[in-house]
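# Structure at a glance
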There are 4 protein chains.
Amino acid sequence: MTAISLDALNSADRATFVKTLGEVMEYAPWVADSVYTQRPFSSLASLHQAMVAAVKNADDERKLKLIKDHPDLAGKAAREGTLTADSTAEQSSAGLDRLTNNEYAKFHRLNDAYHAKFDIPFIVCVRRHGKDSILRQFEQRLQNDPAAERDAALAEIFRIAALRIDQRVDAPVRLEVHGRLSTHVLDTYNGHPAEGVAVELRDVSGNQVIARAATNADGRTDKPLIAGRPIPIGDYELRFDVGAYFTRLRVPTSDPPFLGIVPLRFGVSEPEGHYHVPLLATPWSYSTYRGS
Amino acid sequence: MTAISLDALNSADRATFVKTLGEVMEYAPWVADSVYTQRPFSSLASLHQAMVAAVKNADDERKLKLIKDHPDLAGKAAREGTLTADSTAEQSSAGLDRLTNNEYAKFHRLNDAYHAKFDIPFIVCVRRHGKDSILRQFEQRLQNDPAAERDAALAEIFRIAALRIDQRVDAPVRLEVHGRLSTHVLDTYNGHPAEGVAVELRDVSGNQVIARAATNADGRTDKPLIAGRPIPIGDYELRFDVGAYFTRLRVPTSDPPFLGIVPLRFGVSEPEGHYHVPLLATPWSYSTYRGS
Amino acid sequence: MTAISLDALNSADRATFVKTLGEVMEYAPWVADSVYTQRPFSSLASLHQAMVAAVKNADDERKLKLIKDHPDLAGKAAREGTLTADSTAEQSSAGLDRLTNNEYAKFHRLNDAYHAKFDIPFIVCVRRHGKDSILRQFEQRLQNDPAAERDAALAEIFRIAALRIDQRVDAPVRLEVHGRLSTHVLDTYNGHPAEGVAVELRDVSGNQVIARAATNADGRTDKPLIAGRPIPIGDYELRFDVGAYFTRLRVPTSDPPFLGIVPLRFGVSEPEGHYHVPLLATPWSYSTYRGS
Amino acid sequence: MTAISLDALNSADRATFVKTLGEVMEYAPWVADSVYTQRPFSSLASLHQAMVAAVKNADDERKLKLIKDHPDLAGKAAREGTLTADSTAEQSSAGLDRLTNNEYAKFHRLNDAYHAKFDIPFIVCVRRHGKDSILRQFEQRLQNDPAAERDAALAEIFRIAALRIDQRVDAPVRLEVHGRLSTHVLDTYNGHPAEGVAVELRDVSGNQVIARAATNADGRTDKPLIAGRPIPIGDYELRFDVGAYFTRLRVPTSDPPFLGIVPLRFGVSEPEGHYHVPLLATPWSYSTYRGS
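Quick summary incoming for the structure in this document. On a predicted model such as this, the values are computed, not experimentally measured, just so you know.

Next up on the list: the sheet that holds strand S11 (residues 274–276) of chain B. Residue and element names in this part refer to chain B. Overall, mixed pairing links the 3 strands, which are arranged S8-S3-S11 in an open sheet. For this open sheet the edge positions go to strand S8 (226–229) and S11, each flanked by a neighbour on one side alone. Shown here is a sheet whose adjacent strand axes are inclined to one another by a mean of 5°, direction ignored. As judged from the 3 bridges shared by strand S3 (residues 179–182) and S11, these two strands associate in the parallel manner. By the bridge assignment for S11, Ser 182 is matched with His 276.

With that settled, consider the pattern of salt bridges. Once their charged atoms are close, side chains differing in charge can pair, the charge on each being opposite to the other. Per the stated rule, a full pass over the model turns up 81 salt bridges over all chains. Ionic pairing is found between Arg 128 of chain C and Glu 272 of chain C, a salt bridge with its closest N-O pair at 2.7 Å. Residue Arg 128 of chain C is found in the loop between helix H8 (101–118) and helix H9 (131–141), and its partner Glu 272 of chain C is found in the loop between strand S10 (261–268) and strand S11 (274–276); the two are separated by 144 residues along the sequence. Taken together, the shared-partner salt bridges in this structure form one network comprising Glu 26, Glu 90 and Arg 164 of chain A.

Looking now at the environment of Gly 234 of chain B. Mapped onto the secondary structure, Gly 234 of chain B falls in strand S9 (residues 234–241). Separated by 44 residues in sequence, Gly 234 of chain B and Asn 190 of chain B place their C-alpha atoms 34 Å apart. Excluding anything up to four places from it in sequence, Gly 234 of chain B contacts Pro 256 of chain A together with Phe 266, Gly 267 and Val 268 of chain B.

Moving on, we get to the pairing of strand S9 (residues 234–241) of chain A. Residues and elements named next belong to chain A. Pairing of strand S6 (residues 198–203) with S9 involves 5 bridges; the strand directions are antiparallel. What sits directly across from Glu 200, in S9, is Arg 239. When S9 meets strand S10 (residues 261–268), the two strands line up antiparallel, connected through 8 bridges. Pairing of Gly 234 across the sheet is with Val 268, part of S10.

With that settled, the discussion passes to the sheet that holds strand S5 (residues 192–193) of chain B. Taken in spatial order, the 8 strands line up as S5(A)-S4(A)-S12(A)-S13(A)-S13(B)-S12(B)-S4(B)-S5(B) in an open sheet, and their pairing is mixed. A single partner strand is all that each edge strand has here, and the edge strands are strand S5 (192–193) of chain A together with S5 of chain B. Relative to strand S13 (residues 285–289) of chain A, strand S12 (residues 279–282) of chain A runs antiparallel, the two being bridged by 3 bridges. In the strand pairing of S13 of chain A, Leu 280 of chain A is matched with Ser 287 of chain A.

The subject of this paragraph is the interface of chain D and chain B. Between chain D and chain B, the contact holds 7 residues from the first and 7 residues from the second. Contact between chain D and chain B buries roughly 620 Å² in total, counting both sides, with carbon and sulfur atoms accounting for 60%. For chain D, the biggest contributors to the area lost against chain B are Thr 188, Tyr 189 and Trp 284 of chain D; these three give 69% of the whole. Seen at the junction of chain D and chain B, the total is 0 salt bridges. In this assembly, chain D and chain B are joined by 7 residue pairs in polar contact (both at pLDDT 80 or more). Taken together, the residues that form the side of chain D that touches chain B break down as 2 nonpolar, 5 polar and no charged.

Moving on, we get to the interface of chain B and chain A. The interface is formed by 30 residues belonging to chain B together with 30 residues belonging to chain A. Buried surface at the junction of chain B and chain A, both sides included, amounts to about 2300 Å², of which 56% is carbon and sulfur. Interface area lost by chain B to chain A is led by Phe 258, Arg 265 and Tyr 286 of chain B, which between them contribute 30%. Linking chain B to chain A there are 2 salt bridges. The shortest N-O distance in the salt bridge between Arg 136 of chain B and Asp 255 of chain A comes to 3.8 Å. If you look at where chain B meets chain A, you find 8 residue pairs in polar contact (both at pLDDT 80 or more).

This part takes up the relation of the copies chain D and chain B. The relation between the two copies of this chain is a rotation about an axis and a shift parallel to it. Once turned by 180° and shifted 0.0 Å along the axis, chain D lies on chain B with an RMSD of 0.1 Å. The two molecules are tied by a two-fold rotation axis, judged by turn and shift. The C-alpha atom lying nearest the rotation axis in chain D is that of Tyr 189 of chain D; the distance is 2.8 Å.

On to empty space enclosed by the protein. Vacant regions in the atomic arrangement are exposed by a probe of water-molecule size rolled over the atoms. A complete count under the given rule lists 12 cavities of 30 Å³ or more for this structure. Taken together, 36 residues form the lining of the largest cavity, with Ser 287 of chain A, Tyr 286 and Ser 287 of chain B, Ser 287 of chain C together with Ser 287 of chain D sitting closest to its centre. Every element with two or more residues in the lining of the largest cavity is listed here: S12 and S13 of chain A, strand S12 (279–282) and strand S13 (285–289) of chain B, strand S12 (279–282) and strand S13 (285–289) of chain C together with strand S12 (279–282) and strand S13 (285–289) of chain D. Here the lining of the largest cavity is composed, by residue class, of 16 nonpolar, 20 polar and no charged. The space that makes up the second largest cavity amounts to roughly 140 Å³. Leu 73, Ser 87, Glu 90, Val 124 and Ile 160 of chain A are, among the 16 residues lining the second largest cavity, the residues nearest its centre. Elements with a contribution of two residues or more to the lining of the second largest cavity: helix H7 (85–93) and helix H10 (146–168) of chain A.

A word on the packing of aromatic side chains. Per the counting criterion, the structure on display carries 54 aromatic pairs over all chains. Each ring, one from Phe 122 of chain B and one from Phe 138 of chain B, has its centre 3.8 Å from the other, and the planes form 10°; the classification is stacked. A residue pair is termed long-range when its members are at least 10 positions apart, and Phe 122 of chain B in the loop between helix H8 (101–118) and helix H9 (131–141) and Phe 138 of chain B in helix H9 qualify at 16 residues. The buried category is assigned to Phe 138 of chain B, whose relative accessible area is 0%. Three or more aromatic residues joined by ring pairs form one cluster here, namely Tyr 189, Tyr 245 and Phe 246 of chain A together with Tyr 189, Tyr 245 and Phe 246 of chain C. Cation over ring: Arg 290 of chain A sits above Tyr 275 of chain A, and NZ or CZ is 3.8 Å from the ring centre.

Residues and elements named next belong to chain B. H9 packs onto H8 with a crossing angle of 25° between their chain directions and a minimal axis gap of 10 Å. Our classification of the angle between H8 and H9 gives roughly parallel. Here H8 runs over H9; the crossing is left-handed. Along its contact with H8, which presents Glu 103, Lys 106, Phe 107, Leu 110, Asn 111, Tyr 114 and Phe 118, the element H9 presents Lys 131, Ile 134, Leu 135, Phe 138, Glu 139 and Arg 141. When its residues are assigned to classes, the contact of H8 with H9 shows 7 nonpolar, 1 polar and 5 charged.

What counts, and where the lines are drawn
Residues numbered from 1 in each chain as written. Chains lettered and ligands numbered in written order. Predicted model: local features only at pLDDT ≥ 70, side-chain atom pairs only at ≥ 80, totals over all residues. Heavy atoms only, no water. Pairing = 2+ DSSP bridges. Helix = DSSP H or I, 4+ residues; strand = E, 2+ residues; numbered from the N terminus. Axes fitted to C-alpha atoms, helices over the stretch in contact; angles between N-to-C directions. Salt bridge = Lys/Arg side-chain N within 4 Å of Asp/Glu carboxyl O. Contact = heavy atoms within 4.5 Å. Buried area = accessible area lost by both parts, 1.4 Å probe. Polar contact = N/O pair within 3.5 Å; in protein donor to acceptor, adjacent residues only side chain to side chain. Nonpolar A, V, L, I, M, F, W, Y, C, P; charged D, E, K, R; others polar. Least-squares fit on C-alpha atoms with pLDDT ≥ 70 in both. 1 Å grid on protein atoms, 1.4 Å probe; cavity = no way out; pocket = protein on both sides within 12 Å on 5 of 7 lines; lining within 4 Å. Points joined across faces, edges and corners; volume = space filled by probe spheres on them. Phe/Tyr/Trp six-rings, centres within 6.5 Å; stacked < 30°, edge-to-face > 60°. Buried < 20%, exposed > 50% of the residue type's maximum accessible area, 1.4 Å probe, protein only. Lys NZ or Arg CZ within 6 Å of the ring centre and 35° of its normal. Parallel < 35°, antiparallel > 145°, perpendicular 65-115°, else oblique. Left-handed = near helix turned anticlockwise from the far one by under 90°.

This is the structure we're talking about:
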């Protein structure tokens, strides 16, 4: 999807406007249509706010329909391939298209329990989550009373909408929907940044490599390990090949070295947060902290 | 096997003496027999030294037979269950009884190449090694010339003998054949030792839990995680449940916590060394080092 | 003063008993005399407790006299040299015999204000304090009401008594009146304890060197920097000659080195506590923490 | 002194040009004059290079006169106030106008010895030094042979010239004559930057406060503690009021706190280097390192 600039969107005709934003709210192009006359929007935030207000001001029936038109997570539509393009990409981002049988069964049970209690599909902004945190959310929200849960569903819809706007429309000031995960490696044996350290970022629950990089002359990676999107809530592990680094510098070590691959494991709870997780290392010691 | 005291051994009759020490050298009770007249031994070290000297002073034929009577590692005898009790326990300690097909094939190839080059079995004191370091040794020693390799084989036989003596005979001063792996956890958020932290020690290449413990009021485990034996050469990971610890203390954190399970990965190169690997942690930072 | 063993004290005659313990309570040998019949004491703690009880059970007049017989801190008796030997040593331990004119004037003012309000001398167990913390105590206790302040004075008299018993009587189990201040230095550049590092302990407010030592092969000092007495409340600075250590090891550094003298400054609030303040250092980094 | 832009200097007439740059080389306006025809200079570096070349290409007599026209450090001219404005400011920057009698006598002795051996004044770019490092330089250079020492003197003259050009002429790209000293404070108790920590930078040998600041929301000072000039070679101490910071946050600590004022002491050997010296602290632990 190529993004359109906010300026271009502001001067687009009604058809183009609605075509661009129609799917920001799942199966509800009327939301985009209803804010068309409020153009020009001075920012992505005011555009998002207008769409949110349109939903909030709608009558209960319409709200309920908006909620009900959302697909189940890891549900029938997903298996049958009848999700919207956005929903397909979103569910895939959280690994919901790669569930084990056990996990699938668990989602199935939770979906059933949720429908039975609330008579709506369970909605969560999956780009902000990993599989584990979705399941945790699911279980927590099953405890809500129906009114609170409808509010929770709408809040998630508005988060989804913000990310969909972010993907469709370009503007100098972005919506605050992106997190950033970065690192840097300091060689405290030599007192300077560690250059050329191989770094791997893994998703702990999914047991997958998410990013690979090597540190540059500043001990940083050329770009953040995650940027331009939320960091899914979950546990991560950074792995640094400290052993290879010091071997290359001909620092005397043992065989195997005391420090070879150094793993730093940490949890992300704020998908829009900035996580800076540095490593300070000698061949015999290291430390880390949530930096800034 | 119940150990006999050195005093008792020193006053034992020849039959008991040879029965006790006969298998210290694989299939070579003559070694024990030949040192019987040198009793009393003032220490385990002098007993070991006497047995080593007996082998060194033997003629080449006898030395070669001693070497050749050793079984292959992960070889036919192991599969068929015809190893001596000592060899069975030793090979099992390094996981050689739990090889994957690939690993088994690799040992097979290396054994063949080794026999072809040296016409003796490959001997290594497996209690000092993990699977990976045995394979590394195997490949390195294949580069030796035959004379150097026979010396290497005898040196390993003497290491095996020391550990077998250590298991059979008690004395106030032990042979220096044991390593020690310990940890302690300091809570630098509250400025005192961290009590009740669940600790797990894993063998990285074998992907196995070796030890589990919880820290006591001093932030230490009641006994070392490894003691009374060599620490097999290899890579280890300590895992500390820092998240549960701080949650129990009602320290405000995020969900999931920034630090939940903290892994410390390190290599052991000196099986008889003392490895102290402490953890200093707050909910947002930690450090480790090879301590003393 | 040579200490007498608790056993010997238990079997001493009344005169010796009272001579030994008569000055445990300032100018009040009647306290020692009154507990004589309770011999034998099973421990220093029970002896101390008996003397405390004797005072507590005395009538108000006697208690008041006991309090009033104490000298002023940094007062006329001190200047004229008419203090008891115990008081002289105690006041000197906190540096009260080396006051500047300003400090002397401050004590004078506080003593006057205190006498005016309470009509007793200000009593504090000076061995547990530095000059600054005595002044802080002085100001705080001036806020008390008279009854609370008499209790505070007696509590301090009992602390003084414990330390005086500790000096006079030997027993296998000591009174818990001693703190301990220790350090160790870890060279995280080389991964082992740092041997031969010159260490200096300074009293920050007094700007005095209290102890000097060098680390041994374990990176520790042969004996604690402070032991066998309370650690006076106050601020301390440990100074480690890290620069000279790494220079001696021919580690490449700059001129002047990034780390030469490393100062660690910390406060002591529990005179009977154990303070372990280690240093972990490379030529380019260091860390410290309250250890255990 | 108001700086002139390089563009303006390039288009200035000869008189203005020489007036601006005449004192870049002490008492030697001929150097500026001789490069006038080489205008326009594309950068400060090429201007400096031209002036350096003019001196190098001069005959020995002229070079010697340039050297000899420099004043003694802490010498008669300084005491009598007959130094050039540049020299006055420079000698003052290193504290040479505030010597103790002992230090003055030491300079006097060294100047005499130096004159006796080399028959020239001792020249050093004092803005790059503290008092101690000047004295160390003095003693080291007294060991030189005369030819090497003349080269050393000229090299220092060229460094002085670079700094004087830097003060007189503005250009988008500066000469690399500035160092930078910065810090930041991370609160690893709460996992975020420490805001509002009072920081003091002290010159250790001069026992003077050089800079005071408080950390901002990023845990940094609004501007570097030293920037826009060389960092004089020497030992520095940063002092952070960690105790007050945690007290303000109502973190439970002791009285006095374990960490009150935290001093970080470090040496600067590269006046044009970037020194980043951060502090990571909880109420019970801290660490620092040469950062980047």
